[in-house]
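# Breakdown of the fold
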Amino acid sequence: MALTDPAAIPAMVCQRAATHGGETILRRKHRGIWQSTTWAQLEAAVRAAGMGLRAVGCAPGEVVAVLSDTRPEWVFSDLGALGAGLRCVGVDPADEPADRLRGLGCRVLFVENEEKLDTALQVAGECAALEHLVIFDMKGLRDLADPRCESFAEFCARGIAHDRANPGSWEIGISACACDPPALRGADERLAFLPMSDPAERVHGCYRALLGGIVSNYVENPETVLENLQEVQPTVLCAAGDTWEQLHARVERAVAEATPLQRLAYRTAIAMAAGGPGSRWLADRIVLRNVRRDIGLDRLRLASVATRPVSPEVARWYRALGIDLRAVDDEAGGGADC
């Protein structure tokens, strides 16, 4: 199954729901608690979102868009759109979203919350095709009376009703993309926090994780990334160069505030790590494993750098910790905005 054919991903989710329905594939930190989503729940959410798009009249080839930080509902909407034969475009909330929205020509726009809805409404009059705004988080919007707006829960309920009225239509629509998915590897987990509008997260992160059965853990909010990283201790991590450098700086600050003996132990361990397998093993047992654990990287086996690379000094530091930072490969560039 190629990543350049993202329309196959919803079909794969349907297959996995049938064979691994009770197994967890997503988690989200919400109000301090990690909440799990199984393959069966994921398939149901994707199906409801996709049928909701069909219910409002979206035809294959049309564009829908998402204006939201990374969260599970982004995935549900994206895969639902792909399963319905639509193009789903991500709008980065941090990159002048109003200008981006004006040129999309989308009929349906999914927005995260009140703040993102305000951004959308400011330009809605300039978006002739826009008919529906679907809101993930209705906090502060319970009295909203705009007929173009509805909650994601209401939209999905509409999709479920449409599915019941048209039995079998979802399966027929995605069956053309069905194929044998790769075997699940199991045990791997990743932290999801890069913008879904970036192919590094959407394709290299989300789609590949679904293909390989890697559990995606969605952070509570962009400000809790480092805290959630410590909790999850992922085995797979794709992060911007800035994030990798922040982790390095965090350790260096802690070392600067440590006792002279602790600083000596740390500097010695870093130097020993370059001295061969025996020296590295000793340095790891005494100091470096604790360093990795403290920043949430003790279980890490695959580390990728998105956007700009880290400095050579920081890359050497990670190698001393036993972590080889690699740039997101070219394959991550395929399939975005499909």
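Higher on the page you've got the structure.
The paragraphs below set out a description of the structure included in this document. (Residues numbered from 1 in each chain as written. Predicted model: local features only at pLDDT ≥ 70, side-chain atom pairs only at ≥ 80, totals over all residues. Heavy atoms only, no water.)

## Points about the packing of helix 2 (residues 39-55) against helix 6 (residues 152-165)
Between helix 2 and helix 6, whose axes approach to 7 Å, the crossing angle comes to 80°. When the axis of helix 2 is compared with that of helix 6, the two are roughly perpendicular. Only Phe152, Phe155, Cys156, Arg158, Gly159, Ile160, His162 and Asp163 of helix 6 make contact with helix 2, whose side of the interface consists of Arg47, Ala48, Ala49, Met51, Gly52, Leu53, Arg54 and Ala55. (Axes fitted to C-alpha atoms, helices over the stretch in contact; angles between N-to-C directions. Helix = DSSP H or I, 4+ residues; strand = E, 2+ residues; numbered from the N terminus. Parallel < 35°, antiparallel > 145°, perpendicular 65-115°, else oblique. Contact = heavy atoms within 4.5 Å.)

## Some details on the layout of surface pockets
A volume near 1,000 Å³ is recorded for the largest pocket. Along the wall of the largest pocket there are 39 residues; nearest its centre are Arg28, Arg71, Glu73, Glu112 and Asp137. Residue assignment for the lining of the largest pocket shows that the elements contributing at least two residues are strand 1 (24-30), helix 2, helix 3 (72-83), helix 5 (114-123) and helix 6. Ranked by residue count, the leading element in the lining of the largest pocket is helix 6, at four residues. Among the residues making up the lining of the largest pocket, the classes are represented as 20 nonpolar, six polar and 13 charged. (1 Å grid on protein atoms, 1.4 Å probe; cavity = no way out; pocket = protein on both sides within 12 Å on 5 of 7 lines; lining within 4 Å. Points joined across faces, edges and corners; volume = space filled by probe spheres on them. Nonpolar A, V, L, I, M, F, W, Y, C, P; charged D, E, K, R; others polar.)

## Quick word on the sheet that holds strand 6 (residues 132-135)
Pairing within the open sheet is parallel, and its five strands lie in the order 4-3-5-6-7. Bordering the open sheet on either side are strand 4 (87-91) and strand 7 (149-151), each of which pairs with just one other strand. Ignoring which end each strand starts from, the neighbouring axes of this sheet average 25° apart. Note: strand 3 (residues 63-67) against strand 4, five bridges, orientation parallel. Bridge pairing in strand 4 places Val64 opposite Cys88. Most of the contacts of helix 6 go to strand 7, to which it runs at about 85°, and overall it touches strand 5 (108-111), strand 6 and strand 7. (Pairing = 2+ DSSP bridges.)

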